[in-house]
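Geometric and topological summary
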Amino acid sequence: MNIPKHVAIIMDGNGRWARRRGLPRKAGHIAGAKSIKSVVLHCNKIGVKVLTLYAFSTENWQRPKDEVDGLMKLIKNYLKNMRSYLKYNVRIRFFGDLSAFSEDMIDKMNQIEQEFSKNTGMVFGIAINYGGRDELKNAAKKIAFLVKNGELNLDEIDEQTVESNLYTKGLPNVDLLIRPSGECRVSNFLIWQSAYAEFYFMKDILWPDFRPRHVDMAIEEYNRRNRTYGGVK
Ligand code: IPE
Ligand code: IPE
Ligand code: MG
């Protein structure tokens, strides 16, 4: 079995999961948060190098205030309990514009990245206030700044220059992108990094019901795909 190096998952369907049970959307997010750990540990165990989970997009601020507040509370709580991952040897990286968060949350995220940096296992990426367009816009700004300051020549700019100015700097591109909940779109997730990803959209499963065996299903399908990257194989 060929294990994809970088697996990315759009954790979607929490709201529908709750609605089907006559519960508030918040209950769906709480249930969804509980799906995370076993999926992370499973990916680490089977040899995935990077697992990125989409937790909060730059567009999710548009949701009703009490839902956003609930999500922030949930994320804060999650951060508080992240030390429990330490013993599994995973590293943790946050991808996104973190400046939107409160100072104590930013401190906590920096502290977690630091604390886990000694580990050597899978990189667990958490995309939070993440938007692919925002990421590329920021990369363009950083590169423009280098050119303006005479630190970089215009003709030296190549794809590597862009890549090294993304949140995912130094990490492999996405091989397999999984989205439960039935939506067949990327919703601004890792748009540069997924240029040649295999997409696996799942109709019959919502994120709170997502389990390690669904990762295995996606990887089995991934192994049946013929990745040609524009060539012939
Ligand atoms: C994903 O579930 C969670 C976040 C976006 C934070 P949704 O809340 O989008 O669930 P649906 O799509 O409404 O069912
Ligand atoms: C994408 O899901 C964002 C996250 C899962 C964090 P959304 O539910 O926000 O995306 P759309 O609205 O279906 O495109
Ligand atoms: Mg959704």
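As a reminder, the structure under discussion sits directly above these lines.
Remember, it's a predicted structure, so these values are computed and weren't measured experimentally. (Residues numbered from 1 in each chain as written. Chains lettered and ligands numbered in written order. Predicted model: local features only at pLDDT ≥ 70, side-chain atom pairs only at ≥ 80, totals over all residues. Heavy atoms only, no water.)

A few points about the site of ligand 1
This is how it is decided: Proximity is defined per residue: any heavy atom of the residue falling within 4 Å of a molecule or strand makes that residue near it. For this analysis, a polar contact is any N or O atom pair within 3.5 Å, provided that within protein one partner can donate a hydrogen and the other can accept it, and provided that sequence-adjacent residues contribute only side-chain to side-chain pairs. Methods summary: accessible areas were calculated by the Shrake-Rupley approach with a probe of 1.4 Å, and residue burial reflects only the protein chains presented. The secondary structure listing takes helices from DSSP runs of H or I that are at least 4 residues long and strands from runs of E that are at least 2 residues long, numbered from the N terminus. Throughout, the ten residues Ala, Val, Leu, Ile, Met, Phe, Trp, Tyr, Cys and Pro are labelled nonpolar, Asp, Glu, Lys and Arg are labelled charged, and all others, Gly among them, are labelled polar.
Every residue close to ligand 1 is listed here: M11, D12, G13, N14, G15, R16, R25, H29, A55, N60, R63 and L71. Contact distances for ligand 1 include 3.4 Å between an oxygen atom and a backbone N or O atom of G13. Separating an oxygen atom of ligand 1 from a side-chain N or O atom of R16 is a distance of 2.7 Å. For ligand 1, whose free accessible area comes to 380 Å², the fraction covered by protein is 87%. If you list the elements that add at least two residues to the shell around ligand 1, you get α1 (14–20) and α2 (25–46). Looking at the shell around ligand 1, its residues break down into three nonpolar, five polar and four charged.

Considerations on the pairing of strand β1 (residues 6–10)
For a regular strand, side-chain orientation follows a simple rule: the groups alternate between the two sheet faces. Keep this limit in mind: Throughout, exposure labels follow a simple rule: accessible area from a 1.4 Å probe, protein chains only, divided by the maximum for the residue type, with under 20% read as buried, over 50% as exposed, and the rest as partly exposed. Two strands qualify as a pair provided that DSSP identifies no fewer than 2 bridges between them.
Along β1, five of the five residues are buried, which leaves the element largely enclosed by surrounding structure. Bridge count between β1 and strand β2 (residues 50–57): five bridges; the pairing is parallel. The partner of I10 across the bridge, within β2, is Y54. Summarising the sheet, β1 and strand β5 (residues 176–179) pair through three bridges and their orientation is parallel. Pairing of A8 across the sheet is with L177, part of β5.

With respect to the pattern of salt bridges
Stated precisely, the cut-off is as follows: Salt bridge, as applied in this entry: a Lys or Arg side-chain nitrogen positioned within 4 Å of an Asp or Glu carboxyl oxygen.
For the structure shown, the criterion picks out 14 salt bridges. Close ionic contact of K65 with D69 constitutes a salt bridge, the shortest N to O distance being 2.7 Å. Residue K65 and its partner D69 are both found in helix α3 (residues 65–80); the two are separated by four residues, about one turn of the helix. On the basis of relative accessible area, K65 is assigned to the exposed category, the value being 61%. A relative accessible area of 39% places D69 in the partly exposed class. Taking the shortest distance from any N to any O, the salt bridge between E183 and R185 comes out at 3.5 Å.

Everything listed here is a matter of coordinates, which is why it stays silent on function.
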